[in-house]
Amino acid sequence: MSLDEFFVTGDPLILASQIAIGLTMVGLIALITYLKRWKWLWNEWFTTVDHKKIGIMYILAGVLMFFRGGVDGLLMKAQTSRPGLDLLDAQHYDEIFTTHGVIMILFMAMPLLIGIMNVVIPLQIGARDVAFPKLNAFSFWIFFAGAMLFNLSFVIGGSPDAGWTSYFPLAGKEFTPGVGNNYYAISLQIAGIGTLATGINFVVTIIKMRAPGMSWMKLPIFVWTTFITSIIIVAAFPILTIALLYMTLDRLFGTHFFTVAAGGDPMLWLNLFWLWGHPEVYIVVLPAFGMFSEVIATFARKNLYGYKSMVYAVAGIAFLSMLVWVHHFYTMGNSAAVNSIFSLTTMMIAIPTGVKIFNWLFTLRKGRIEFSTSMLWALAFIPCFTIGGVTGVMLAMAAADYQYHNTMFLVAHFHYVLIPGVVFAVFAGLYYWWPKMFGFKLNEKIGKWHFWLFVIGFNMTFMPMFFVGLDGMSRRMYTYAESTGWGAWLGFSAVGSLVMAAGFAALCYNIYWSFRYASRNVGNDPWNARSLEWATASPAPHYNFAVVPEVENLDDFWYKKKKGTLGLKKSDLKPVHMPSNSWTPIVLAGAFGLVGFFLVFEWIPLAIIAAVGIVVGLVANTFDYDDGYHIPVDELEEEEREWRGDLQ
Ligand code: HEM
Ligand SMILES: [Cu+2]
């Protein structure tokens, strides 16, 4: 292969990105070297097994990917802002909607949610860490390796271009011969291992590590949604693993799982993909429901209305999410009976979702509502998400779906679900838990700018897409004729996407501003909240709790606060056992990334050599007998005094 097959050349946009990426890398390396921060990075971050730091790294990766996916979104909006533009050609548009979709779902939504779970869940259940801290670090690094491999595609080798759903036969070698779709199959596989491990880790953590007295019906609702989400991950991700494995075999080794020619079946791909893909959208939306519930209860100053029905509703949604996947291909020749059944199961999801919406409204009713920035996100979520839900029921009707499936109407629908349901939630969660992570609040005034720009921009962008969709504009169209009359709608929509981008910029500015200027004097419980994570210092010390709390109630922290029984007795302090840092997760993940890269280019011998690295790493890991260290009592005492004042 020649060099210009290896590097993507010939497109000025991509050339500019290549130069920008190169310069940024050199700049970063120079900066870190100049500041002499390599050792610190390695010791404090790259080898850490602390769930809070791992969470922060996930969040950082997610924000970066949001930027990348957002730029892709803006490029598509620019391209369709006027009829007949040729800013992007058809091929480039294909590549961009594909990477946009993959990045937003797998490399933006997932890490941001998993990041927040990582920071918050152990604290909310009164634990010192997750069940398997080292596995947790491995999960992060292997996710990161997969994400970086995927991102490499547009400068090295070429981007995937068959959509985030990558349907066969289009995604097969015959119609997509380049390496782009190899990137899709292999980087999703690598990142998926990390997600599956995270799912297992959280299931075990929540079953085994709850503070004494925290029975199932005393779990904070975010813990419940994380638990159920993790179960869906454990059920659904192996399906993706198999589907991607078949895809890889088809593309790299000429098997025919998905090609009709040799007896395979493209519908097998559709079934496997959506059997994972539909639950996946609940994997990203259920934790968000949990976060909104926490935020709404805290800022309405009331306990969550209908706690138990919330739990059952989430479990019901999770169960149904596994039974609806065929609604993604009503038009592909199922019998009327099959379509009817899947139509019904799909519509049934509206029932538990409705229960949740009403519970949030009843929680708000007669509450003393405080309009903090995180509460604003939660309030805006309710109507926007309802629009997404109602249009979803419209799409669920098989007969009607023949009319508008694969139109812009669908694209508008799922953005109305995913943006309020994931992005608003992550924003609410970031503003809410920021003090727990960093010891200061994000600025509320800049936060309101962020909020209004983003919410208004969001509605401006996606509302018009419902109308052009009903008017017949299919999804994934890179251009259209003046005579369609869509120009004005799509122009307006493009302006909306710029307003949304300005909102994102306000968030970035807020983070910068707050790091520099925000008051570091926020105390451990800045929002007057209800659940256990607020019982310890902000930022949380690396051991989380000096003494593991005993739980008696739902919202235990709230009750103890009212009773004034939160103090810490000096005599209760005992040495705390902590896990040691480890270099194996990052090195192993690096080896996986390397194997993946060689596989993408189908350099099999090199891939085998790199795979030996994985085996060596795994073996070395089994000889790791380090079982951690203890924090002595006087060190605990000193750290606790710093924020509590005197101990009892
Ligand atoms: C930030 C603002 C966003 C903008 C401006 C935007 C814009 C777009 C546009 C224009 C398309 C292509 C429509 C088409 O031609 O078919 C698209 C597709 C898509 N978007 Fe977004 N989007 C945004 C955010 C998100 C988020 C947050 C998610 C998920 C969490 C998401 C998930 C997707 C998916 C899955 C597709 C389908 C890709 C495909 O057809 O293969 N988007 N988006
Ligand atoms: Cu679905």
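Residues numbered from 1 in each chain as written. Chains lettered and ligands numbered in written order. Predicted model: local features only at pLDDT ≥ 70, side-chain atom pairs only at ≥ 80, totals over all residues. Heavy atoms only, no water.

- The chain has the name Quinol oxidase subunit 1 in an unreviewed UniProt entry, where Gracilibacillus salitolerans is given as its organism.
- Note on the chain: under the UniProt heading Sequence similarities (unreviewed entry), the record states "Belongs to the heme-copper respiratory oxidase family."
- The heading Function (unreviewed entry) in the UniProt record of the chain holds the text "Catalyzes quinol oxidation with the concomitant reduction of oxygen to water." (UniProt positions renumbered as here; feature names shortened; annotations may be inferred.)

1. Looking at the site of ligand 1
Part 1: Surveying the vicinity of ligand 1 reveals 22 residues, the closest of which are Tyr-93, His-100, Trp-164, His-415 and Arg-476.
Part 2: Within the side chain of His-100, one N or O atom sits 2.8 Å away from a nitrogen atom of ligand 1.
Part 3: Within the contact set of ligand 1, an oxygen atom lies 3.2 Å away from a side-chain nitrogen or oxygen of Arg-475.
Part 4: Mapped by element, the contributors of at least two residues to the shell around ligand 1 are helix 4 (51–79), helix 5 (90–124) and helix 15 (408–438).
Part 5: Here the shell around ligand 1 is composed, by residue class, of 15 nonpolar, 4 polar and 3 charged. (Near = heavy atom within 4 Å. Polar contact = N/O pair within 3.5 Å; in protein donor to acceptor, adjacent residues only side chain to side chain. Helix = DSSP H or I, 4+ residues; strand = E, 2+ residues; numbered from the N terminus. Nonpolar A, V, L, I, M, F, W, Y, C, P; charged D, E, K, R; others polar.)

2. Let's talk about the pattern of salt bridges
Close approach of charged atoms allows side chains of opposite charge to pair.
Part 1: For the structure on display, the rule yields 13 salt bridges.
Part 2: A salt bridge links Arg-68 to Asp-72; its shortest N-O distance comes to 3.6 Å. In this pair, Arg-68 and Asp-72 both sit in helix 4, 4 residues apart, roughly one turn of the helix.
Part 3: For Lys-173, the salt bridge is made with Glu-602, and the minimal N-O distance between the two is 2.5 Å. Within this pair, whereas Lys-173 is found in the loop between helix 6 (133–152) and helix 7 (180–208), its partner Glu-602 is found in the loop between helix 19 (584–600) and helix 20 (604–622), the two being separated by 429 residues in sequence.
Part 4: When its relative accessible area of 31% is taken as the criterion, Lys-173 is described as partly exposed.
Part 5: Owing to a relative accessible area of 30%, Glu-602 belongs among the partly exposed residues under this scheme.
Part 6: Salt bridges here are not isolated pairs; linked through shared partners, they connect Lys-570, Glu-637 and Arg-641. (Salt bridge = Lys/Arg side-chain N within 4 Å of Asp/Glu carboxyl O. Buried < 20%, exposed > 50% of the residue type's maximum accessible area, 1.4 Å probe, protein only.)

3. Focus on a nonpolar patch on the surface
Part 1: On the surface, a cluster of nonpolar side chains totalling about 290 Å² of accessible area is made up of Phe-132, Leu-135, Ile-200 and Val-234.
Part 2: Mapped onto the secondary structure, Val-234 falls in helix 8 (residues 221–253). (Patch = residues over 30% accessible without salt bridge, like charges linked within 9 Å, V, L, I, M, F, W, Y side chains within 5 Å. Areas by Shrake-Rupley, 256 points an atom, 1.4 Å probe, with all protein chains shown as cover.)

4. Describing the environment of Trp-276
Part 1: Tracing the backbone through its elements, the reader meets Trp-276 in helix 9 (residues 266–300).
Part 2: According to the relative accessible area criterion, Trp-276 is buried, its value standing at 0%.
Part 3: Residues Trp-276 and Gly-487, spaced 211 residues apart in sequence, show a C-alpha to C-alpha distance of 36 Å.
Part 4: Every residue in contact with Trp-276, bar those within four places of it in the chain, is listed here: Leu-106, Trp-164, Ala-236, Phe-237, Ile-239 and Leu-240. (Contact = heavy atoms within 4.5 Å.)

5. A look at unusual backbone geometry
Part 1: With omega at 0 degrees, the peptide bond leading from Phe-168 into Pro-169 counts as cis.
Part 2: As for its placement among the helices and strands, Pro-169 is situated in the loop between helix 6 and helix 7.
Part 3: Phi is positive for Lys-36, close to 55 degrees, though the residue is something other than glycine.
Part 4: Mapped onto the secondary structure, Lys-36 falls in the loop between helix 2 (12–34) and helix 3 (38–46).

6. Description of the coordination of the copper ion (ligand 2)
Part 1: Within the protein, His-278 (ND1), His-327 (NE2) and His-328 (NE2) serve as the donor atoms for the copper ion (ligand 2), at 1.6 to 2.0 Å.
Part 2: Mapped onto the polypeptide sequence, the residues donating to the copper ion (ligand 2) form the spacing pattern H-x48-H-H. Note that His-278 is positioned in helix 9 and His-328 in the loop between helix 10 (307–321) and helix 11 (336–348), a separation of 50 residues in sequence.
Part 3: The exposure class of His-328 is partly exposed, given its relative accessible area of 28%. (Donors = N, O, S within 2.8 Å, 3.2 Å for Na, K, Ca; no water.)

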